[in-house]
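# A closer look at the structure
Listed here are the chains, written in short residue letters.
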Amino acid sequence: TKHAADVGADAIASLGDSELESDGSGAGETGGFMFQRLAERRPELKEELARLQAELKVDLATSEAQASKLKVWAITDLGFHATQRIVRAPQPLLALRDVAHNLPAAAATLTKGRLDRRVKREALSNAEANWSPGYSFATINGRELPLAGADNDYFP
């Protein structure tokens, strides 16, 4: 992928001389950021915001192109691949955050690895357990915690 340093003056110039580019809705939103509003609030950062907007557009286009290249058979096991990455990570909570926040961009790399049948089997058995809808439970190291009390504050 391209980075801010790779985004040339042409891309920045295409954003306009005095205003940040709008996506047609008038909001100037790119990647969830409202660049026009940010530029109004911080006019001294207008050039940096234009660079960031250009970089986000390049990154979004790249991730959309990668996501469109995924085959249907790869998407069917995407959740199992994500689960495998999370449970095998040295810091599973950080891996969960990263996968959840970047799933569209990470989908192509998640599906390239080989899926361990044991991970898939374990996930399917957990999903098929006899838990009724709305059942709440918590486990630590495979042991179920009793959920007594309204606040369930186990770590004061």
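Remember, it's a predicted structure, so these values are computed and weren't measured experimentally.

Attention now moves to the overall build of the chain. When helices and strands are tallied, the chain shows eight helices and four strands. Counted from the first residue to the last, the chain has its helices and strands arranged as α-β-β-α-α-α-α-α-α-α-β-β. Within the chain, the proportion of its 156 residues that are buried is 21%. Only carbon and sulfur atoms are counted for the fraction: they give 54% of the accessible area of the chain, which is about 11700 Å².

Per-chain confidence: the chain averages 74 in pLDDT, with 71% of residues scoring 70 or above. For the chain, the element scoring lowest by mean pLDDT is helix α1 (residues 9-13), at 45; helix α5 (residues 78-88) scores highest, at 91.

Within the fold, Thr62 resides in helix α3 (residues 46-68). Relative accessible area serves as the criterion here: at 22%, Thr62 is assigned to the partly exposed category. For the pair formed by Thr62 and Ala105, sequence separation is 43 residues and the distance between their alpha carbons is 8.6 Å.

Counting residues in hydrophobic clusters, the biggest one holds 11 residues: Leu70, Leu78, Ala82, Ile86, Ala89, Ala95, Val99, Ala106, Ala107, Ala108 and Leu110. Elements represented by at least two residues in this core include exactly α5, α6 (92-101) and α7 (103-112). In terms of residues, this core owes the most to one element, α7, which gives four residues.

A separate point is the packing of aromatic side chains. With the rule as written, the count across this model stands at one aromatic pair. Ring geometry for Phe33 and Phe35: centres 5.9 Å apart, planes at 50 degrees, overall tilted. Classification of Phe33 as partly exposed rests on a relative accessible area of 41%.

Let's shift gears to the packing of α5 against α7. Each packed pair of helices is defined by two parameters, the angle between the axes and the distance between the axes. Running from amino to carboxyl end, α5 crosses α7 at an angle of 85 degrees, the nearest separation of the two axes being 10 Å. Comparing their axes, α7 and α5 come out roughly perpendicular. Taking contact as the criterion, the partners of Leu78, His81, Ala82 and Arg85 in α5 are, on α7, Leu103, Ala107, Thr109, Leu110 and Thr111.

Cut-offs used in this document
- Residues numbered from 1 in each chain as written.
- Predicted model: local features only at pLDDT ≥ 70, side-chain atom pairs only at ≥ 80, totals over all residues.
- Heavy atoms only, no water.
- Helix = DSSP H or I, 4+ residues; strand = E, 2+ residues; numbered from the N terminus.
- Buried < 20%, exposed > 50% of the residue type's maximum accessible area, 1.4 Å probe, protein only.
- Areas by Shrake-Rupley, 256 points an atom, 1.4 Å probe, with all protein chains shown as cover.
- pLDDT = per-residue confidence, 0-100.
- Core = buried A, V, L, I, M, F, W, Y, C linked by side-chain atoms within 4.5 Å.
- Phe/Tyr/Trp six-rings, centres within 6.5 Å; stacked < 30°, edge-to-face > 60°.
- Axes fitted to C-alpha atoms, helices over the stretch in contact; angles between N-to-C directions.
- Parallel < 35°, antiparallel > 145°, perpendicular 65-115°, else oblique.
- Contact = heavy atoms within 4.5 Å.

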